[in-house]
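Summary of structural features
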Amino acid sequence: MSRRSERLNDLLRELVAEIIARELKDPRLQLDLLSVTEVQISPDFRHARVHVSILGSEAEQTAAIDALNRGSAFIRRRLKPRLTLKSIPSLRFEHDERLRRDQEMLRLIDQVGQADRAARTDSAAAR
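If you're wondering where the values come from, they're calculated on a predicted model, not measured in any experiment.

Thresholds, definitions, all that
Residues numbered from 1 in each chain as written. Predicted model: local features only at pLDDT ≥ 70, side-chain atom pairs only at ≥ 80, totals over all residues. Heavy atoms only, no water. Core = buried A, V, L, I, M, F, W, Y, C linked by side-chain atoms within 4.5 Å. Buried < 20%, exposed > 50% of the residue type's maximum accessible area, 1.4 Å probe, protein only. Helix = DSSP H or I, 4+ residues; strand = E, 2+ residues; numbered from the N terminus. Contact = heavy atoms within 4.5 Å. Polar contact = N/O pair within 3.5 Å; in protein donor to acceptor, adjacent residues only side chain to side chain. Expected span 1.5 Å × (residues − 1). Arc of directions from axis to C-beta.

**Examining the nonpolar core**
Val16, Ile20, Ile75, Leu79 and Phe93 are the most contacted members of the largest nonpolar core, which has 28 residues in total. Considering each element in turn, this core owes the most residues, six residues, to helix α1 (residues 3-22). Leaving out residues up to four positions away in the same chain, Phe93 has contacts with Val16, Ile20, Val50, Val52, Ile65, Leu68, Asn69, Ser72 and Ile75.

Written out as structure tokens, the structure reads:
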């Protein structure tokens, strides 16, 4: 990935997050439970995948992604005066599962740690 692509990904992430937080009005979006985690722009700068972390039930997550994808044209219009590109990339919002996977990994690590402590306690008591 080129340095320009990386800079544009970071800029888009910041701008999209700001527009969602301040300008996009949709009751399906609970802003305290939503964050833009990453943007991946295509090599031709025409398309961008926006990864969003959403806390809540499966139904709330699906509704939020739907609301964001329906509002993508509005977000693109709001990006136009803020970017100096020939064309503003089309946006496709996707749910970022990394937070859920990270939480599951931490839970498993805790389980292993508890089992290890229990095993050490049992072996110390057997002596």
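Don't stop here, the text continues.
**Details of the side chain of Ser42**
Mapped onto the elements of the fold, Ser42 is located in the loop between β1 (34-41) and β2 (47-54). For Ser42, a relative accessible area of 16% translates into the label buried. Separated by 2.5 Å, the side chains of Ser42 and Asp44 make a polar contact.

**A short note on helix α2 (residues 58-70)**
Under the 1.5 Å per step criterion, the end-to-end length of α2 is 18 Å for 13 residues, consistent within 8% with the ideal 18 Å. Those residues of α2 lying buried are Gln61, Ala64, Ile65, Ala67 and Leu68. The buried residues of α2 all sit within an arc of 160 degrees when viewed along its axis, so they share a single face. Those residues of α2 that are exposed and aimed more than 90 degrees away from the buried face are Glu58, Ala59 and Arg70. Of the surrounding secondary structure, the elements contacted by the buried residues of α2 are α1, β1, β2, α3 (72-79) and β3 (90-95).

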